[in-house]
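Examining the three-dimensional arrangement
Here are the chains, one letter per residue:
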Amino acid sequence: MIFGGVCPSVTSIIAESLEGWNLVQLSFAATTPVLADKKKYPNFFRTVPSDNAVNPAVVKFLNHYNWTRVGTLTQDVQRFSEVRNDLTNELEKADIQIADTQSFSNDPCVNVKNLKDNDVRIIIGQFDENLASKVFCCAYNLNMFGSKYQWIIPGWYQENWWDKANATNCTAKKLLTAMEGYISVDFEPLSTRQLKGISGRTPQEYEREYNRQRMKKGVDSSKFHGFAYDGIWVIARTLTRVREILRHRERHSLHRNFTADDRDVGRLVHDVMNETNFLGVTGQVMFRNGERMGTIKFTQFQEGQEVKVGEYNAIADVLELINNSIRFQGMEPPKDRTIVHLQRRQISVPLYSILSVITILGMFMASAFLFFNIQNRNHRLIKMSSPYMNNLIILGGMLSYASIFLFGLDGSFVSDKVFETLCTVRTWILIVGYTTAFGAMFAKTWRVHAIFKNVKMKKKIIKDQKLLIIVGGMLLIDLCILICWQIVDPLKRTVEEYSLEADPHGRDMAIRPFLEHCENMHMTIWLGIVYAYKGLLMLFGCFLAWETRNVSIPALNDSKYIGMSVYNVGIMCIIGAAVSFLTRDQPNVQFCIVALVIIFCSTITLCLVFVPKLLTMRTNPDAATQNRRFQFTQNQKKEDSKTSASVASVNQASTSRLDSLQANNHQLRMRITELDKELEEVTMQLQDTPEKTPYVSQSPYQDTNSTPSIRNVRDSKEEDRSMLKNHHEQKWGSVDPSRTNRGPLEDINSPEHIQRRLSLQLPILHHAYLPSIGGVDASCSSPTVSPLGSPRHRRAPLSYGVMVSGL
């Protein structure tokens, strides 16, 4: 046998050539991992554990503190690179993640910074003591020490190595501060168990004897002396065992001259070495494939000195830590990574509660309007304003209110699957509610526009069923858009994560906020389609409101309130959409803006539609149904004054005569205004209840016993015609004297009187009202022919038309 070999380069050359000589080599100091290759060095044994022997101990230590993420910092030397490669294999077997691997030659600061950037908290170092001081100096400058970090380095450095190897710019105080708490790992030079081994001595007794002999000879202590001592015992035990085996074979051999050649003896020595198992001063001496299964110790740097904190028994694979010996600088062991706590950016519960209460109040208000509208549906004021359409407006407002509750629900209230469903439901409710409210409002306005603006139509009776069909058509367009949206590109739950934030309570953790959104692949396109359709609907409503602005019955005409509603809704939607987009990463602000916009728009719209009706019902319910033509009268006065001025300039001599004609003309116009009011009321009564109002089947001028309203109209007009007759005689000459001798009834029903009455009434009736109540066709009336005659009549003579236009 060969005993010895310390230098790795010399030992490796000898160990590689031993097989040819049938020799076995036993080393007590060669720790290089290269010699563990049994294919290249099959006859090599060592009593000292190799550098790789610390790796299972390190893995066991990591598992003890549940560290599953580490980083390595290795000096670019073969010895340390081999240890790192073996450590990598051990970590992978233990399912421990290697977050980063850094190698350096001279300046480790860049590599240390890379470890920090990768959030490595547990750092396993493989470097000598000369570079160890540089590493800890960089760690101090980068603040990679203290309660958040744990360094694990080799433990075979010289005593007080930081004083001898400090070649950095850091002071000793800074270096010691960065080193505080590091863990060093190395093999145990002597066993700590007070048990007598094969030599009959305990490890403590042996150490005292060794120091006595060493001091007697004046030599320094070596950390390998215990392995050398146990190595001699390994050789003695092996040779003794080989001799016993050979003697046993000789006794039981069939041949008298038993011999064993060198090859047999060498193989026998190799086998006996592998079976070695005894208690030495370094612990249990045992080999596994030529490698010593020793004891690994753990020490910690505490307040300027290294303190043993535990040991690892490789044979039993057991880690034993000394109770309360390890001192971490924090309240607990460092985390192996920055604990990232996902924090949902959710809507504040108090904010949601406040807006919900406001929304509920709005819904109560809408319910009160609904009750008012249903209770007074037969009242003239409410009936003329289409109560069914009013109900739809209230329903749309309540749907818009209801969407606020759904917009405030996020992952903190519901599950992810339910949240994804809410994304679709709340969009549908808001869009349908908007169309229902404004569609009904615009349908009402369209009916007023169709009645009072289309002068060419003979008869215009529009029932509520037709308005419902119009609103249904608008909703059908909405449903088509929403269904296509849901099928082609449905809304889904997406999570947006933000950058890490420090824990506000100072704990060793980071906060990663995340926010849930309802999005799809082509969100912009679908929103553009919806906004375009709603925008066209708003423009159509503005057009109708402008066209019907001069309709003089307040119960019918909501154009002013519709214009105000469209203006408020448009402005608020534009502002709300812009602010909501800019604050998408602030859910409280976004929800508050969206909710307030919906509440404001819905409340303003409902109040503009129903509050005036409510106030009118309380104060003067008849005023809203009356025709207000005072503006026309005032304007006409201005026109009359202009006309009189122009006539006076032409003929100053007839000024007094024109003044009297102007007064008569003004009285006639006032009477026409009153007649217009009564005809409008008749028109709207027929419009509200068309199925109950019989159409006039014969001419009102034939039956003198007609309805009182028509008779009153005729009587009032007779007075006007008498005044008109005087004016006609003064201007155009006296009438036929033969006609003055007729009776009153005969004179009233004479063709001349009928012609004059119709010449005055037809322009008014033709303009808007007479076609609506089923009277004489304005396009084919003849004042000289009886209404019972042919349906085709002559037009009025030109002279009478000139007379009317003069009025």
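Reading the values: rules and limits
Residues numbered from 1 in each chain as written. Predicted model: local features only at pLDDT ≥ 70, side-chain atom pairs only at ≥ 80, totals over all residues. Heavy atoms only, no water. Helix = DSSP H or I, 4+ residues; strand = E, 2+ residues; numbered from the N terminus. Buried < 20%, exposed > 50% of the residue type's maximum accessible area, 1.4 Å probe, protein only. Contact = heavy atoms within 4.5 Å. Areas by Shrake-Rupley, 256 points an atom, 1.4 Å probe, with all protein chains shown as cover. Right-handed = clockwise from strand over helix to strand, strands pointing away. Pairing = 2+ DSSP bridges. Disulfide = S-S within 2.5 Å. Salt bridge = Lys/Arg side-chain N within 4 Å of Asp/Glu carboxyl O. Polar contact = N/O pair within 3.5 Å; in protein donor to acceptor, adjacent residues only side chain to side chain. UniProt positions renumbered as here; feature names shortened; annotations may be inferred. Core = buried A, V, L, I, M, F, W, Y, C linked by side-chain atoms within 4.5 Å. Patch = residues over 30% accessible without salt bridge, like charges linked within 9 Å, V, L, I, M, F, W, Y side chains within 5 Å. Axes fitted to C-alpha atoms, helices over the stretch in contact; angles between N-to-C directions. Parallel < 35°, antiparallel > 145°, perpendicular 65-115°, else oblique. Nonpolar A, V, L, I, M, F, W, Y, C, P; charged D, E, K, R; others polar. Phe/Tyr/Trp six-rings, centres within 6.5 Å; stacked < 30°, edge-to-face > 60°. Lys NZ or Arg CZ within 6 Å of the ring centre and 35° of its normal.

So, the overall build of the chain
- Helices and strands together make up the secondary structure of the chain, namely 24 helices and 18 strands.
- A total of 807 residues make up the chain; the buried ones form 44% of that total.
- Sequence-distant contacts, at least 24 apart, represent 72% of the contacts inside the chain between residues at least 6 apart.
- By element, 56% of the accessible surface of the chain is carried by carbon and sulfur atoms, the whole surface being about 42300 Å².

A short note on the pairing of strand β4 (residues 69-75)
- Here β4 lies mainly inside the structure; seven of its seven residues are buried.
- Of the two faces of β4, the one holding Arg69, Gly71, Leu73 and Gln75 and the one holding Val70, Thr72 and Thr74 are both buried throughout.
- As a crossover connection, the stretch from β4 through helix α3 (residues 78-93) into strand β5 (residues 97-104) is right-handed.
- Bridge count between β4 and strand β6 (residues 122-126): four bridges; the pairing is parallel.

Description of unusual backbone geometry
- Positioned with a positive phi, aspartate 119 is a non-glycine residue whose angle comes to about 55 degrees.
- In this fold, aspartate 119 is placed in the loop between α4 (109-117) and β6.
- In this structure aspartate 119 comes out as partly exposed when scored by relative accessible area, which is 23%.
- Even without glycine at this site, asparagine 324 takes up a positive phi of about 55 degrees.
- Secondary-structure assignment places asparagine 324 in the loop between β14 (318-321) and β15 (339-344).

Focus on the environment of glycine 541
- Summarising the element assignment, glycine 541 is placed in helix α16 (residues 523-547).
- Between the alpha carbons of glycine 541 and glycine 439 there is a distance of 8.6 Å; along the sequence they are 102 residues apart.

So, the state of the cysteines
- Going through the model one piece at a time under the given rule, you end up with three disulfides.
- Between the sulfur atoms of cysteine 137 and its disulfide mate cysteine 170 the distance is 1.8 Å. Taking the torsion about the S-S bond as the criterion, the cysteine 137 to cysteine 170 disulfide, at about 75 degrees, is right-handed. Of this pair, cysteine 137 sits in helix α5 (residues 129-141) while cysteine 170 is found in the loop between α6 (161-164) and α7 (172-179), placing the two residues 33 residues apart along the sequence. A single burial state applies to cysteine 137 and to cysteine 170, both of which are buried.
- The residue that forms a disulfide with cysteine 423 is cysteine 518, at a sulfur-sulfur distance of 1.8 Å. On the S-S bond that ties cysteine 423 to cysteine 518, the torsion sits near -65 degrees, and the link is left-handed. Of this pair, cysteine 423 sits in helix α14 (residues 416-453) while cysteine 518 sits in strand β18 (residues 509-519); the two residues are 95 residues apart in sequence, bridging distant segments of the chain.
- The exposure class assigned to cysteine 423 is buried, which follows from its relative accessible area of 1%.
- Note on cysteine 518: relative accessible area 13%, which makes it buried.

Overview of the pattern of salt bridges
- Per the stated rule, a full pass over the model turns up 18 salt bridges.
- Aspartate 478 is the salt-bridge partner of lysine 534, the closest N and O atoms lying 2.8 Å from each other. Taken together, the positions of lysine 534 in helix α16 and aspartate 478 in helix α15 (residues 464-488) put the pair 56 residues apart, joining distant regions of the chain. Accessibility classification places lysine 534 together with aspartate 478 in one group, the buried group.
- Across the pair arginine 493 and glutamate 516 runs a salt bridge whose closest N-O atoms are separated by 2.7 Å.

Points about the side chain of serine 356
- Note that serine 356 resides in helix α11 (residues 349-375).
- Given the relative accessible area of 10%, serine 356 is considered buried.
- A distance of 2.6 Å separates a polar side-chain atom of serine 356 from the backbone oxygen of tyrosine 352.

Here we look at the UniProt feature "transmembrane region" (unreviewed entry) in the chain
- Per the UniProt record, the feature "transmembrane region" (unreviewed entry) sits at residues 351-372, 392-413, 425-446, 467-488, 523-546, 566-582 and 588-611.
- Along residues 467-488, the helical share is 100% and the strand share 0%, with 32 Å between the first and last C-alpha atoms.

Some words on the nonpolar core
- The biggest cluster of nonpolar side chains holds 50 residues, and the ones touching the most others in it are Met389, Phe591 and Leu606.
- Counting only elements with at least two residues in this core, the list comes to α11, α13 (387-407), α14, α15, α16, α17 (559-582) and α18 (587-619).
- Other than its neighbours up to four places away in sequence, phenylalanine 591 contacts Ile347, Leu351, Tyr352, Leu355, Ile404, Phe407 and Gly408.
- Residues Val48, Ile122, Ile124 and Ile152 belong to the second largest nonpolar core, which totals 32 residues.

So, a nonpolar patch on the surface
- Together, Leu476, Leu479, Ile483, Ile487 and Val488 make up an exposed nonpolar region whose accessible area comes to about 490 Å².
- Among the secondary structure elements, leucine 479 is positioned in helix α15.

A few points about the packing of α15 against α16
- Running from amino to carboxyl end, α15 crosses α16 at an angle of 180 degrees, the nearest separation of the two axes being 11 Å. By the angle between their axes, α15 is roughly antiparallel relative to α16. Facing α15, whose interface residues are Met474, Ile477, Asp478, Ile481, Cys484, Trp485 and Val488, α16 presents Met523, Trp526, Leu527, Ile529, Val530, Tyr533, Lys534 and Leu537.
- Residue classes in the contact of α15 with α16 are distributed as 13 nonpolar, no polar and two charged.

Description of the pairing of strand β13 (residues 305-313)
- Relative to β13, strand β12 (residues 295-302) runs antiparallel, the two sharing eight bridges. Bridge pairing links phenylalanine 298 to glycine 310 in β13.
- With antiparallel pairing between neighbouring strands as the criterion, β12 and β13 make up a hairpin whose turn holds two residues, including glutamate 303 at a positive phi of roughly 55 degrees.
- Bridging between β13 and β14 involves four bridges; their strand directions are antiparallel.

Side note on the packing of aromatic side chains
- Counted by the stated rule, this structure contains 28 aromatic pairs.
- Where tryptophan 67 meets phenylalanine 328, the ring centres are 6.5 Å apart and the plane angle is 85 degrees; that geometry is what we call edge-to-face. Taken as a pair, tryptophan 67 in the loop between α2 (54-64) and β4 and phenylalanine 328 in the loop between β14 and β15 lie far apart in primary sequence, 261 residues in all. The same class applies to tryptophan 67 and to phenylalanine 328, which are both buried.
- Consider the rings of phenylalanine 369 and phenylalanine 610, whose centres lie 5.3 Å apart with planes at 15 degrees: the pair is stacked. In this pair, phenylalanine 369 is assigned in helix α11 and phenylalanine 610 in helix α18, connecting sequence segments 241 residues apart.
- Residue phenylalanine 610 is classed as buried on the basis of its relative accessible area, which comes to 1%.
- Each residue in the set Phe80, Phe136, Trp151, Trp156, Tyr157, Trp161, Trp162, Tyr182 and Phe301 is aromatic and connected to the rest through ring pairs, giving one cluster.
- Here the guanidinium or amino end of lysine 38 rests over the ring plane of phenylalanine 45, the centre of that ring lying 5.7 Å away.
- Between arginine 345 and the ring centre of tyrosine 498, over which it is positioned, the NZ or CZ distance is 4.2 Å.

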